[in-house]
Amino acid sequence: MASGSMFALGELEVDRYCSYVYFCMTENAEETDKIKFDARLWRPPATPKNRNSDEGIPENSPWHPKNVKASFNLLREETGGKQ
């Protein structure tokens with residue numbers, strides 16, 4: 001993907017890098033394929049029918065409620081927040 005580019009991809013800001021990757025992924029795509037790509041790209045993780053349930057979310061997923069809570073607790077610890 002980066003071969004032949006006129007700039008070093010590692011030096012781009014994150015938003016510009018993401019735009020470049022998006023361009024490369026959709027450059028020759030038909031409009032309907034771009035719409036499908038966008039839909040897949042922006043799709044949130046699947047949630048169970050009962051939002052209070054862990055059903056269907058793998059335990060190693062970052063979206064599993066147990067892991068979300070652990071991440072927020074770690075952030076709170078690192079930033080000096082109170083529980």
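The structure reproduced in this document is the subject of the present report. (Residues numbered from 1 in each chain as written. Predicted model: local features only at pLDDT ≥ 70, side-chain atom pairs only at ≥ 80, totals over all residues. Heavy atoms only, no water.)

Some remarks on the packing of aromatic side chains
1) Next: Enumeration according to the criterion identifies one aromatic pair in this entry.
2) Next: With a centroid separation of 5.8 Å and 50° between ring planes, the pair formed by Tyr 22 and Phe 37 is classed as tilted. Residue Tyr 22 is located in helix α1 (residues 14-26), and its partner Phe 37 is located in helix α2 (residues 31-41); the two are separated by 15 residues in the primary sequence.
3) Next: By relative accessible area, Tyr 22 is classed as partly exposed at 29%.
4) Next: With relative accessibility at 17%, the residue Phe 37 sits in the buried group. (Phe/Tyr/Trp six-rings, centres within 6.5 Å; stacked < 30°, edge-to-face > 60°. Helix = DSSP H or I, 4+ residues; strand = E, 2+ residues; numbered from the N terminus. Buried < 20%, exposed > 50% of the residue type's maximum accessible area, 1.4 Å probe, protein only.)

Here we look at the packing of α1 against α2
1) Next: Two elements in contact, α1 and α2, have axes whose closest approach is 11 Å; the angle formed by their N-to-C orientations is 135°. When the interaxial angle is binned, α1 and α2 end up oblique. In this structure, α1 crosses over α2, and the sense of that crossing is right-handed. On the side of α1, the interface is formed by Tyr 22, Met 25 and Thr 26, while α2 contributes Lys 34, Phe 37, Asp 38 and Leu 41.
2) Next: The class makeup of the residues in the contact of α1 with α2 is four nonpolar, one polar and two charged. (Axes fitted to C-alpha atoms, helices over the stretch in contact; angles between N-to-C directions. Parallel < 35°, antiparallel > 145°, perpendicular 65-115°, else oblique. Left-handed = near helix turned anticlockwise from the far one by under 90°. Contact = heavy atoms within 4.5 Å. Nonpolar A, V, L, I, M, F, W, Y, C, P; charged D, E, K, R; others polar.)

Description of the pattern of salt bridges
1) Next: In this structure the tally under the stated criterion is one salt bridge.
2) Next: Note that Lys 66 is salt-bridged to Glu 59, the shortest N-O span being 3.2 Å.
3) Next: Residue classification places Glu 59 among the exposed positions, given a relative accessible area of 54%. (Salt bridge = Lys/Arg side-chain N within 4 Å of Asp/Glu carboxyl O.)

Some thoughts on the environment of Phe 7
1) Next: The topology assignment puts Phe 7 in the segment before α1.
2) Next: Residue classification places Phe 7 among the partly exposed positions, given a relative accessible area of 39%.
3) Next: Other than its neighbours up to four places away in sequence, Phe 7 contacts Leu 12 and Tyr 20.

Things to note about the side chain of Thr 26
1) Next: Inspection of the secondary structure assignment puts Thr 26 in helix α1.
2) Next: Within the structure, the side chain of Thr 26 is placed 2.8 Å from the backbone oxygen of Tyr 22, a separation counted as a polar contact.
3) Next: With sequence-adjacent residues up to four places away left out, Thr 26 is seen in contact with Lys 34 and Phe 37. (Polar contact = N/O pair within 3.5 Å; in protein donor to acceptor, adjacent residues only side chain to side chain.)

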